[in-house]
Amino acid sequence: MTTGQTPIIPQENLKYQTPPASILQLADYERAPSVSIDTKKEYMLLSYHSTYKTLDDLNQQEMSMGGLRINPVTNIGSSVNYVHNLKIRKVVDTEPIQVKGLPGNPRIAYVSWSPDEKKIAFTNTAARGVELWVLDVVTATAIRLTESIVNANLGNPLNWYRNSRQLLVRLLPKNRPALIDPKRELPNGPTLSLSDGSKSQNRTYPDLLKNASDEINFVTLTSSELYTVDLTGKAELFKEEDMYAGESFSADGKYLLVTTLRKPFTYIVPLNRFPQLSIVYDLRGKEVKIVNEVPLSEVLPKGFMAVRKGKRGLSWRPDQAATLYYVEALDGGDPEMKVEYRDALYQWKAPFTEAPAFVSKTISRFSHVIWGNDSVAVLQDEWYDTRNEKTYLINPARADENPRIINDRNFQDIYSDPGNFETVKNEYGKYVLAIEDNNLYSVGEGHTPKGQFPFIDVFNLKTLKSKRLYQSAYTDKMEEIVDVEDFKKGEALVRIQSRNEYPNYYFRNINSRNGLTRITDFPNPFESIKDVYKEVIKYKRADGVELSGTLYLPVGYDRTKKEKLPLLIWAYPTEYKDNYSAGQSTANSNEFTFPYYGSFVYWVTRGYAVLDDAAFPIIGEGHNEPNDTFIEQLVSNAKAAIDAVDSLGYINRKKVAVGGHSYGAFMTANLLTHSDLFACGIARSGAYNRTLTPFGFQSEQRNYWDSPDVYNAMSPFMNADKMKTPILLVHGEEDNNPGTFTLQTERYFQALKGLGAPARMLILPKEAHSYVARENILHLLWEQDRFLEEHLK
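Keep in mind that what you see is a predicted model, and the values were worked out from it rather than measured.

### Here's the deal with the overall build of the protein
Tallying secondary structure elements over the protein gives nine helices and 49 strands in all. Its C-alpha atoms give the protein principal-axis dimensions of roughly 80 × 75 × 60 Å. When burial is assessed residue by residue, the protein has 54% of its 793 residues classed as buried. Of the roughly 36100 Å² of accessible surface on the protein, a fraction of 48% belongs to carbon and sulfur atoms.

### Topic: the sheet that holds strand β25 (residues 376-383)
Ordered in space as β24-β25-β26-β27, the four strands form an open sheet in which the pairing is antiparallel. One side of each edge strand has no neighbouring strand; the edge strands of this open sheet are β24 (365-373) and β27 (404-410). For this sheet, the mean inter-axis angle between neighbouring strands, taken without regard to orientation, is 15°. Of the strand pairs in this sheet, strand β26 (residues 388-394) and β27 are connected by six bridges, and their pairing is antiparallel. Looking at the pairing, N388 lines up with N410 of β27.

### Some thoughts on helix α3 (residues 212-222)
Every buried residue of α3 is listed here: S213, D214, N217, F218, T220, L221 and T222. Between the side-chain oxygen of the N-cap and the backbone nitrogen of S213 there are 3.2 Å, and the N-cap of α3 in question is N211.

### Some words on the nonpolar core
Counting residues in hydrophobic clusters, the biggest one holds 58 residues, and the most contacted among them are Y539, I569, L611, F616 and F678. Counting residues per element, this core draws most heavily on helix α5 (residues 630-647), at nine residues. In contact with I569, not counting residues within four places along its chain, are F600, L611, A614, F616, A641, I642, V656, A657, V658, G659 and F678. Core analysis: the second largest hydrophobic core is formed by 38 residues, L26, A679, I777 and L792 among them.

### Brief notes about the sheet that holds strand β23 (residues 357-362)
Taken together, four strands build an open sheet; the order of strands is β20-β21-β22-β23 and the sheet is antiparallel. Of all the strands in the sheet, just β20 (312-316) and β23 have a single pairing partner and so form its edges. If you compare each strand with its neighbour and ignore which way they point, the axes differ by 20° on average. Summarising the sheet, strand β21 (residues 323-329) and strand β22 (residues 343-349) pair through seven bridges and their orientation is antiparallel. Note that in β22 the partner of Y325 across the bridge is Q347.

### Digging into the environment of L692
By the secondary structure assignment, L692 is in the loop between β47 (680-684) and α7 (708-714). With 51 residues separating them along the chain, L692 and L743 place their C-alpha atoms 10.0 Å apart.

### Focus: the pairing of strand β14 (residues 224-230)
Counting buried positions along β14 yields seven of seven residues, so the element is predominantly enclosed. Two elements, strand β13 (residues 166-171) and β14, share six bridges in a ladder whose sense is antiparallel. Bridging across to β14, Q166 finds its partner in D230.

### Quick look at the pairing of β13
Counted residue by residue, β13 has five buried out of six residues, so it is predominantly covered. Linkage of strand β12 (residues 158-160) to β13, two consecutive antiparallel strands, is achieved through a turn of five residues, within which S164 is found at a positive phi near 60°.

### Describing helix α6 (residues 663-674)
Given a rise of 1.5 Å per residue, twelve residues ought to cover 16 Å, and the 16 Å separating the end C-alpha atoms of α6 matches this to within 8%. The element α6 is largely enclosed, with a buried count of eleven among its twelve residues. All of the buried residues along α6 are Y663, G664, A665, F666, M667, T668, A669, N670, L671, L672 and T673.

### Describing the side chain of Q701
Along the chain, Q701 falls in the loop between β47 and α7. Side-chain polar atoms of Q701 contact the backbone nitrogen of F304, separated by 2.7 Å. A polar contact is formed between the side chain of Q701 and the side chain of D385, at a distance of 3.3 Å. Sequence-distant contacts of Q701, defined by excluding residues within four places in its chain, comprise K302, G303, F304, Y384 and D385.

What counts and how
- Residues numbered from 1 in each chain as written.
- Predicted model: local features only at pLDDT ≥ 70, side-chain atom pairs only at ≥ 80, totals over all residues.
- Heavy atoms only, no water.
- Helix = DSSP H or I, 4+ residues; strand = E, 2+ residues; numbered from the N terminus.
- Buried < 20%, exposed > 50% of the residue type's maximum accessible area, 1.4 Å probe, protein only.
- Areas by Shrake-Rupley, 256 points an atom, 1.4 Å probe, with all protein chains shown as cover.
- Pairing = 2+ DSSP bridges.
- Axes fitted to C-alpha atoms, helices over the stretch in contact; angles between N-to-C directions.
- Polar contact = N/O pair within 3.5 Å; in protein donor to acceptor, adjacent residues only side chain to side chain.
- Core = buried A, V, L, I, M, F, W, Y, C linked by side-chain atoms within 4.5 Å.
- Contact = heavy atoms within 4.5 Å.
- Expected span 1.5 Å × (residues − 1).

Here is the structure:
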């Protein structure tokens, strides 16, 4: 070694660790099952998920292409979250019945009730591929219908026929070619991409096609044959091999809309912007009509409200036997165009011998439509730049009638949210607007300045006025209205929880004072923190904007003696266009305390005060953009949060840490760089160099060349020389989120290390943007605990 040189310190090679017992006890729990109830309220399906995946689950073969991550051995997405057990329960009973006949070590996905709700189809991923199974609800017995030949590489591979006796299924082609090994295949030439002068301001998408070998493999992996499979397992070819990307039956079940991917492919955007062809077939597989041809969509106008030209959102009307609907842009898809109306809604009746019929227009960009019947539908549009959304009542049969605007509001103004209209199954088994006696019904979350009080409203179609039918009055519990089960009887399915009572389902009769019937009894798996102190605190930042956060204090903490605790703040910035909306709060102190790796709540067991989900609004009113003052607002939010908890007398303000995931990590790095408020910070899976996301990020629509000063000022990487505060950087090794490539953390750490900043980098093997493997998550908690103990205690 040359004299005077600093010795090279090797990487620290650690084996997996587990966190302290108080955290491990909370992290190592068993998840309650998810619940699905049939519309007759007779049976419920309980689906059991593992709390975590394992490293072995992640250590599978994987191919990334076209925006997909696929296991080429099993032919299903490599990130699918499986169900490991199914049980059936009569709603009136208390004990569930174990489903008989399930495969050993099941990996269940794509669970689908039949139209008559007597059967449930699902896939099981075996060692060499995906199988199709069906479950009889009454007998709670499952049988396998196919071998491991289902192709789920493009998502859900199955659809029920209306008769509930057959399924349309994507199966692997019989003469499927072998995949090309891109590492062994010698290229025939270089990879070439062209720019023809058209502006194409695309974001930084992951997992794209890269070369000709990828293209060939993409076709191989996404190609299927469509088969009709009956409940005995008999399979009959419906359509020959193609890249099937979507299949849906008309409401009457007599027509099938099939969408396939076409060439040419592209290396700069994912598969949802590849060319597509949509054809309607009859049930014999005979072509009825080509209904849509979508070209390659590499080039779009600038802005979040930009869309492609041509038919969008082609789907079947659920309230008519066989009618398609779609929208088309009236502004060429360009938000910069000044027009009176942005989109037009059309309908097209099978067998499509007549031209599509105009239905209605929207002032802003079409969002969605809820069909009711021949004369009633609800239409909604939106415009991101102004945060505006409008809800229209339309008569689909009278295109000459002007739509009536029934709501015109800021969609970030949660206190004015009128809720969502309820739907019910119609004679076709499809969901349509619930219309009773010329009324619609809506269910709202009920956020108010005084707390959360969910409600059910009735909306009269003649007067266009709403009347409240029910509003939760709980102040010591939190009630969620899942849906209205019987409008005439006033019965609703609700979920009730408190800060120490696990969420459970009930039937509530809104017309009866004692009309509450419990239907699940899931225990609290986190008994050790049931007595932590929990409070939603509200405070103001320097410019008067209202802020809030949920404060946790350790069990037994004496709020009169006020021992000074270290404080942990977990947050995620959100952009707004007005101060009023930014100051509103969705926090509910009665929400069940559910610790997980995505917050600091675990550390309330380690003697820390925790301010969880602290409000960090970034506001740009009028023509001002929020990010023009991002750093100033970020620091102001942080100071207000610390001041608020400090004013209660609970903390040592010199021992405060901040943390966040993704954009919260970006926030954390900036706070440590541009303020002296924190003793340390934890930044997970963030992006730190905004020049690597030059065509926009998060809610920023301007590109780098529009606002280079904003991009540079907001980039912690560009300001790495200012960083003096200890930071723990964490990233998944295989991050697949747009913009947050693992490279972002690696390069930022290199900059910090080169400039002498105190930093530690943890790369979690096999993980994507969110972490799922038990070994990684427990080690992460150990790392965070060690880091916090070192720098705060």
